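Notes for the structure review
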Amino acid sequence: MQFVSRSSLSRTLLALAGLAGPATAETYQLICENPRREYQVRFSDGDTNIQVDVTEGITLYRVLAVEETEARHVVVALTMNDGPTVRLSLRPYLRMEYWSGNELLQTDACRTQ
């Protein structure tokens, strides 16, 4: 019977992990619409911001939390200047919701580009 040393086993596991390569982050590019206009939303898994592009320019919403399960994928972020909280739903449906406290202020339907 032959035993493998810990250092040999560690090197083998590291080599196998290196062969697997990095996981690729999924990028979402959406067009959302509120009563006034359409705007573009961009988010990649692992990003610290949701990017919102309107005619006046690009705004970044700071990501607070991400919930991703087989059934749901939701990103919660804070809008500019401590404004409302936004929930970007990516699964099972596409939409942006704006919340202040426990009150839903606005829901914008979204679609893929």
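Above this text sits the structure in question.
Rules used throughout
- Residues numbered from 1 in each chain as written.
- Predicted model: local features only at pLDDT ≥ 70, side-chain atom pairs only at ≥ 80, totals over all residues.
- Heavy atoms only, no water.
- Helix = DSSP H or I, 4+ residues; strand = E, 2+ residues; numbered from the N terminus.
- Buried < 20%, exposed > 50% of the residue type's maximum accessible area, 1.4 Å probe, protein only.
- Contact = heavy atoms within 4.5 Å.
- Areas by Shrake-Rupley, 256 points an atom, 1.4 Å probe, with all protein chains shown as cover.
- Pairing = 2+ DSSP bridges.
- Salt bridge = Lys/Arg side-chain N within 4 Å of Asp/Glu carboxyl O.

1. Quick notes on the overall build of the protein chain
- Scanning the protein chain from N- to C-terminus turns up one helix and eight strands.
- Within the protein chain, the fraction of its 113 residues that count as buried is 26%.
- In the protein chain, once contacts between residues fewer than 6 apart in sequence are set aside, the share between residues at least 24 apart is 22%.
- Accessible surface for the protein chain amounts to roughly 8,000 Å². Of this, 52% is attributable to carbon and sulfur atoms.

2. What about the pairing of strand β8 (residues 103–112)?
- Bridge analysis of strand β1 (residues 27–33) against β8 gives four bridges, and the strand direction is antiparallel. Bridge pairing in β8 places Ile-31 opposite Arg-111.
- Sheet topology note: the strand β7 (residues 95–100)/β8 ladder contains six bridges and is antiparallel. By the bridge assignment for β8, Ser-100 is matched with Glu-103.
- The loop that links β7 with its antiparallel partner β8 comprises two residues; one of these, Gly-101, has a positive phi angle of about 65 degrees.

3. Quick notes on the pairing of strand β3 (residues 49–54)
- Along β3, the buried face is formed by Ile-50, Val-52 and Val-54; none of Asn-49, Gln-51 and Asp-53, which line the opposite face, is buried.
- Here three bridges tie strand β2 (residues 38–44) to β3, and the two strands are oriented antiparallel to one another. The residue of β3 that forms the bridge with Gln-40 is Asp-53.
- The hairpin formed by β2 and β3 contains four residues between the paired strands, and Gly-46 there has a positive phi angle of roughly 95 degrees.
- In this structure, β3 lies alongside strand β4 (residues 57–68), joined through six bridges in antiparallel fashion. In the sheet register, Asp-53 faces β4, and the bridge partner there is Ile-58.
- Once β3 ends, the chain turns through two residues before running back antiparallel as β4.

4. Let's talk about the pattern of salt bridges
- Applying the stated criterion to the full structure yields six salt bridges.
- A salt bridge links Arg-87 to Glu-97, with the nearest nitrogen and oxygen atoms 3.6 Å apart. A residue pair is termed long-range when its members are at least 10 positions apart, and Arg-87 in strand β6 (residues 85–91) and Glu-97 in strand β7 qualify at 10 residues.
- The exposure class of Arg-87 is partly exposed, given its relative accessible area of 24%.
- For Glu-97, a relative accessible area of 6% translates into the label buried.
- A salt bridge links Glu-97 to Arg-95; the shortest N-O distance between them is 3.0 Å.
- A residue is classified by how much of its surface remains accessible, and Arg-95, at 25% relative accessible area, is partly exposed.
- A network of salt bridges, in which partner residues are shared, links Arg-87, Arg-95 and Glu-97.

Take it as geometry only, folks, not as evidence of what the structure does.
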